[in-house]
Structure formats: C-alpha cells, structure tokens
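Notes for the structure review
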Amino acid sequence: MPTTLSGAFVSNFLGNAPVWYKKTILAFLLANIVLVNTLGPVVTGWVLILEFIFTLAMALKCYPLQPGGLLAIEAVVLGLATPEVVYKETLANFPVILLLMFMVAGIYFMKDLLLFLFTKILLGVRSKVVLSLLFSIVSAVLSAFLDALTVTAVLISVAVGFYSVYHHVASDKEFNAGHDHSDDVHLKEIHRQDLDTFRSFLRSLLMHGAVGTALGGVCTMVGEPQNLLIADVADWSFIDFFVQMAPVSMPVLFMGLLTCVLLEKTKWFDYGAELPDNVRSILQHFNEEQNKDMPQKRIAQLWLQGAVALFLVAGLALHLAEVGLIGLAVIILLTAFNGIIEEHQIGKSFEEALPFTALLVVFFAVVGVIHTQHLFTPIIDWILNTDNVSREAQPGVFFLANGLLSMISDNVFVATVYISEVHQAYVAGNITRLQFDHLATAINTGTNLPSVATPNGQAAFLFLLTSAIAPLIRLSYGKMVIMALPYTIVMTGVGYLAVTHLL
C-alpha cells in the first residue's frame, strides 16, 4: 500500500497492470511528443498505430480502452486529428455502434435457448472434427445473411455458458448467479487438468467459428459493413454482389473449411483438443437436470426466445430496419414477455458490449489520424499509377495492399478509401467498367480475408479478444494470431490466386 500521495497516484495509474506495462505506456506518451516535434505528424501517426496495436496485444494485462484512450486523446491534443474528424469517423460507423449496444444485449436475453440448443449439439456430436466443421459452416452461413458481430456474440454467449456450468461443478459450488467463474481459487485439484483441456477445446471452437464469420461474411453484401458500402458505390444488387465475389469467395470458403478439418486432424497450432470425458459427463448431468421436470414458465420462456430468434433472422435477412434497431426490438420483446422489468436486470445485458463500444470509438480516433495524415494515400496512388503497376496486375496488388492495411487498421475505413479512389478513376474515364468491377472485388475480398491475421483486422475478432470469455479460456492477442496463422496463409494465398486468375 502506498504511504504518500504521489505513491498513491502512481499506484492508481492503470491499476493492477504490471509496472513495466505502466512505464511502457508513459514512454509512448512522452515519445509521441518528441516525435511530432522532430520527425513530424506522418511518422508519429505510424508510430501511434503500432502503439495502439501493442495495447491490443496486451489486452490480458490491461483492457485496451484506458491505454489506447490515452494515446487517442494525446493524438487529438498534438493535432494528429481533430475532434471533428473523430466525430465524423464515429458517425460514419454509427450502425456498428448501434449493433454493439443493442444486438449483443439482445443475445444476452436469448442465452438460455442458445445454451439449450448448443448443449444438444455439443453432447450429440462426439467427433471433434465434425463439431468444428459444423461450427465453421454455421458461422459462415449465418454471417452471410446476418452479421459477423451478431454471430460472434452468439458464440461468446454459448462458450461462457458452457464454461460457467463446468466451473461451478469443478469448484464444488452450487450453480447460481453469484459464482465467479473467473476465480480458480476454489477449483478442486482433480479438475485442473480437465479445465485446461476444456479451455483449449473452447478456444479452438471459437476460433473456427470466428474464421467462419469471415468466410461467410465476404460472400454477400450484408456480411460485413464495408460490403454494403462497396455494393452501393458499384451499384450491385444482392445477387450481383454474390456473383461478383463467387470466383474468389467460393474457392476460399472450400479451402477454409478444408483447413478446419486438417487442423483438427493434425492438432497443429493449438487445435485438436477433445472434450474431456469428465467435462462431458458434467455437462450431460447439467443438461438432464435442466430438462427434468422443467417448469412451464421456463418452457414458455424457451418457446418465446425461439420465436424472437426467428424474428431476428427474418428481420436481418430482409433488412427490415438497421441491425441495431432490430436488436433493440429483440430486447423489448424478450424482456416484456418474459417478465424482466427491473432496471438492474436489464442493465446486466449491457455490461459485455459497452466497454467494447467505447474501445471501438477510441479505435475510430486512430482511424481519424490515418485519415487526417493521409497515411495510406501514397500506397493507393502508387498502385493506381500504371507506370508502376500494370492494369492486369492491379487487382492482385489491390487485394494484398487492402489485406495488409486491414490487418493494422479498420477494414471498413480501408475499403472506404480504396473504393472511393477507384470510383473516381472510373468516373474520370481512366479505367473501364470491367476493370472497376475487378478492382472492387479485389478491395472487398482483400479487406475481408487477409484481415483475419490479427484481432484488430476485423471487429468480430477484436470483440472476441476483449470479451468476457477471452481471459477465461486464455485467449490472448498472440494466441489468436498464432491460431489464425494457417487460416491467414490459406485464405490469403487462395484469395490472391483467385483474384489474379479467375476474375
């Protein structure tokens, strides 16, 4: 305990984060001041991106909102971006913010049904290969017609449910809401090895599912936010978009699913962990207890959740309203008809999403720096200059450039910058309509596929990294990068070959 006021300030800074981490963040803040006054704002902007990625990589040491937020505030103070630019970037991504605020909370009120259904699948499918493939295919199909963040929220909710059930029993505790399943102090020794294996099991399923959202999300105009933007600029309908992407998206989808099978067979890159028999028996017992003499009230709640789930799928597939507004409707329907009417009961549902929403706005501030300092403009100009890159090679170069930049930035922002530049070239008559279609396809697939390499490449991956389940199953930034590596190589390689040879 600090004995002086100054010591208390030092101790309070970033709380329980390691001392070396605190010193590193302070060094970043001081270095940025020196850099902007010596090497200029452009170099400082690139350094800021690397610093922000560091805060994401160390998410298990300290939630990135605080250190990343300090970097973002400093960037505005130093003039790397303005408050107006940050607001503009945030406003442009307002649909994503609405989605996070309301859709994730809506999924929270559907967790009983999700746990019920996925428990049946988990206990019914004993083959880990089949189970993993099933997770990937379901995630891909749902992401193609719904939204990758919504699908990821479902996967997280299911994983937390499974983990919580087992951790209660392994800690020799009554199953109740008061148990802290992040605390292993009361864990019985005989369960520790099984818990480690179970964590690895859940990690692999979640990563297969997360990659599945990228495999499916690239296929349709509603799969990812940037898809809708590109379709609007290119004047493509739902079918047009699917047809334009198919030469790239279908081979990648097939090879991605094949990679899932190979990883489970070979057990490489931390995949292949089986569900321990003791864990299976505990989940089986829990399932039987839950289903035995189930009260009519709970049966009615499950039926209602099922009906609202159908409404959710129909509403998203038919685009009846903005995704976040549909999520709000889900919250209202599930709480009203299931008797959840107290404010503190409803408030719990927002605990998971709001910290990440705040982090996303901080991320938009970093994107604002990229925009203000034109960090990506030289790359775009170089590619579009036919003296440097021939028209035949442009789609492949665009694919790789978009993929690389999306790994470190926001893929929506990258797609926005690239598609607007290409559209201007088309309007000016510098490229043909066919070339424009090829480049738009390369931009869309480039921002969707190679970006699985890092958690900051896609919002769904970043959401998974900063969710409640990540520390429980020991899913760190580095672990995600390693587990995504084989998928990154396959999806980037196949995507590049398809863009250069099949378009």
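Everything below is about the structure shown above.
Position labels on residues start from 1 in each chain and follow its written sequence. Given that the model is predicted, a residue must reach a pLDDT of at least 70 before its local features are reported, and side-chain atom pairs must reach 80 or more before they are shown or counted; all residues, however, enter totals for whole chains, interfaces and linings. Processing note: side-chain calculations cover all non-hydrogen atoms of the structure and skip hydrogens and water entirely.

1. A few points about the overall build of the chain
For helices the rule is a DSSP run of H or I covering at least 4 residues; for strands it is a run of E covering at least 2, with both sets numbered from the N terminus onward. Assigned secondary structure in the chain consists of 24 helices and 0 strands. A globule of 503 residues ought to have a C-alpha radius of gyration of about 23 Å, and the chain, at 23 Å, matches this closely. Expressed along its principal axes, the backbone C-alpha trace of the chain runs to roughly 75 × 65 × 45 Å. The buried share among the 503 residues of the chain stands at 53%. Using the Shrake-Rupley algorithm and a 1.4 Å probe, accessible areas are obtained, with residue cover drawn only from the displayed protein chains. Surface exposure of the chain reaches about 21,700 Å², of which carbon and sulfur atoms provide 67%. We score Asp and Glu as negative and Lys and Arg as positive, and we do not count His or the chain ends. Lys charges are placed at NZ, Arg charges at CZ, Asp charges at CG and Glu charges at CD. Counting 24 positive and 36 negative side-chain charges, the chain places the averaged centre of each group 10 Å from the other. Atoms counted for the radius of gyration: C-alpha only. Globule rule: 2.2 Å times residue count to the power 0.38. With a 1.4 Å probe rolled over the protein chains alone, any residue whose accessible area is under 20% of its type maximum counts as buried; one over 50% counts as exposed, and the rest are partly exposed.

2. A closer look at the packing of helix H11 (residues 225-234) against helix H21 (residues 433-448)
Axis definition: a line fitted to C-alpha atoms, over the contacting stretch in the case of helices. Angles run 0 to 180 degrees between N-to-C directions. Contact pair H11 / H21: the axes reach a minimum separation of 10 Å and the direction vectors enclose 175 degrees. The angle between H11 and H21 places the two elements in the roughly antiparallel class. Along its contact with H11, which presents Gln226, Asn227, Ile230, Val233 and Ala234, the element H21 presents Arg433, Phe436, Ala440, Ile443, Asn444, Thr447 and Asn448. Residues are grouped as follows: nonpolar covers Ala, Val, Leu, Ile, Met, Phe, Trp, Tyr, Cys and Pro; charged covers Asp, Glu, Lys and Arg; every other residue, Gly included, is treated as polar. Class assignment of the residues belonging to the contact of H11 with H21 gives a composition of 6 nonpolar, 5 polar and 1 charged. Angle categories: roughly parallel below 35 degrees, roughly antiparallel above 145, roughly perpendicular from 65 to 115, and oblique for all the rest. Contact criterion: two residues are considered in contact whenever any of their non-hydrogen atoms come within 4.5 Å of each other.

3. A look at helix H17 (residues 353-372)
What a helix should span is 1.5 Å times the count of its residues minus one. Here H17 contains 20 residues, and its C-alpha end-to-end distance of 28 Å stays within 8% of the 28 Å for a straight helix at 1.5 Å per residue. Most of H17 sits inside the fold, with 14 of its 20 residues counted as buried. With its phi angle positive at about 55 degrees, His374 sits one or two positions after the end of H17.

4. Let's talk about a nonpolar patch on the surface
Candidates for patches are residues over 30% relative accessible area with no salt bridge; among them, like charges are joined within 9 Å and nonpolar side chains (Val, Leu, Ile, Met, Phe, Trp, Tyr) within 5 Å. The rule for a salt bridge is simple: a side-chain nitrogen of Lys or Arg has to be within 4 Å of a carboxyl oxygen of Asp or Glu. On the surface, Trp268, Phe269, Ile482, Leu485 and Ile489 cluster together into a nonpolar patch covering about 520 Å² of accessible area. Checked against the element boundaries, Leu485 lands in helix H24 (residues 477-501).

All we've got here are geometric facts, nothing functional implied.
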